[in-house]
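Structure assessment
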Amino acid sequence: MKIETLRGKVAVITGAGSGFGREFARIAAAEGMALVLVDVQADALAETVAELDGTNILHRVLDDTDGAAMDALAADAFARFGAVHLLFNNAGVGSTGLMWEATTRDWEWVLGVNLWGTIHGVRAFVPRMLGVARTDPTYSGRVINTASMAGLIDPPLMGPYNVAKHAVVSLSETLHQDLSLVTEQIGCSVLCPSWVATGIARSHRNRPHDDPTRSRAAALGGAMVEKAIASAKVTAVDVAKLTFDAIANDRFWILPHQQALDGVRERTEALLAGDTPADPYAAI
C-alpha cells in the first residue's frame, strides 16, 4: 500500500547519526514527520538532533544489537506517538580481509549490527505496526532495510559484510512475502546501494572491543573500499531521495546504482550455466 502523505506520521531510523540515516531524517523532517532517531555514537546523533531543531524527536543512544534495548525503544515510541509508519533498519558496519582471517569478534560485530540489528528492528516494531493496522483501516506503514549490492554479489575481501547483507536481502524478501499473507497495509523495501560516500569505511570507530592488528589483506581491502568511496558519484542525498521515491511508489527494490546490476546479471547467468562466479568488480 502506498503511503499517501508523510505529514504527521512517524519514522524510526537507526544509524541516524550519519550517512543515509541522517539524510533519511532530514527528508522525513522536511515532510513533517515525527522522528525516532537512534545511533550508537552519541556525538553524531546529537548533531543530527540539533540540526532538526523544531521537529518532534525521540532519540536514543542505542546499540541495535541489543534486543532488549530495541524492545524498549519500540514500546517508548508507540507510547509517545501511538504509531510508527516508516521503520528504517539502517545501521551498518563493515570489515575487510580474507574470510579465514576474520576473527570470531569480527563476525559477531558485523553480523550483529548489520543482520541482528535488522532482525531486532523487525521483531520489535512490526508486531506493533500490525496491531495498529488491525484497529485502523486507514493506517499504512513500511519497513525499509538497508542492505547493499554486496547482498546481491560477492566482492572479495568482504566476507562477513557480504554474508550479512545477503542475509538482509533474504530477510527483506521473506518479510515481504510474510506481510503479504496477513495485510495489505504494511509494505517492505530493501535498499541495495553500491559505493557511496558515507562513514562506513570508518565504522571501526564504534567497535565495542579492540580491533586486532589488521592483516595485509585487510589493509588492502580497506584501501580498495576507501578508494571506491572517494570516487563515488552517487551521494547519500541521492540515495535518500531515491528511497523516499520508492516509499511513495510502493517499490520493493531500491537500486541507486543501475550499472552495478550488470554484476547481478553475470552472477545469475553463471549460476544458471553452472559456471564459477564472475569477477564482481568487473561490473562495479
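Residues numbered from 1 in each chain as written. Predicted model: local features only at pLDDT ≥ 70, side-chain atom pairs only at ≥ 80, totals over all residues. Heavy atoms only, no water.

What about the packing of aromatic side chains?
Convention followed: In summary, the pairing rule links any two rings of Phe, Tyr or Trp, Trp by its six-membered ring, whose centres are within 6.5 Å, and it sorts them by plane angle into stacked for under 30 degrees, edge-to-face for over 60 and tilted for everything else. Here a helix means four or more residues in a row that DSSP labels H or I, a strand means two or more in a row labelled E, and each is numbered from the N terminus. For every residue, the accessible area obtained with a 1.4 Å probe (protein chains only) is divided by the maximum for its type, and the residue is called buried under 20%, exposed over 50%, and partly exposed between those limits.
Applying the stated criterion across every chain yields a total of six aromatic pairs. Here the aromatic rings of Phe20 and Phe24 are separated by 6.4 Å at their centres, their planes lie at 35 degrees, and the arrangement is tilted. Here Phe24 and Phe20 lie together in helix H1 (residues 19-30), a separation of four residues that amounts to about one turn. Neither residue differs from the other here; Phe20 and Phe24 are each classed as buried. Aromatic pair Phe252 and Trp253: ring centres 4.9 Å apart, planes at 90 degrees, arrangement edge-to-face. Classification of Phe252 by relative accessible area gives buried; the value is 15%. With a relative accessible area of 35%, Trp253 lands in the partly exposed category. Joined through ring pairs, the aromatic side chains of Phe20, Phe24, Phe88 and Phe244 make up one cluster.

A word on helix H3 (residues 67-81)
Stated precisely, the cut-off is as follows: To estimate how far a helix should reach, multiply one less than its number of residues by 1.5 Å. Relevant arc is that of directions from the helix axis to the C-beta atoms, nothing else. Residue contacts are defined here by distance: any two heavy atoms, one from each residue, within 4.5 Å place the two residues in contact.
A rise of 1.5 Å per residue sets the reference length of H3, with its 15 residues, at 21 Å; its end C-alpha atoms lie 21 Å apart and thus fit the reference within 8%. Considered for burial, the residues of H3 that qualify are Gly67, Met70, Leu73, Ala74, Ala77, Phe78 and Phe81. Taken down its axis, H3 places every buried residue within 125 degrees of arc, on the same side. Turned more than 90 degrees off the buried face of H3, the exposed positions are Ala68 and Ala79. Residues of H3 that are buried in the fold lie against strand S1 (10-14), strand S2 (34-39), strand S3 (57-61) and helix H4 (104-135). The positive-phi residue at the C-terminal boundary of H3 is Gly82, with phi of around 85 degrees.

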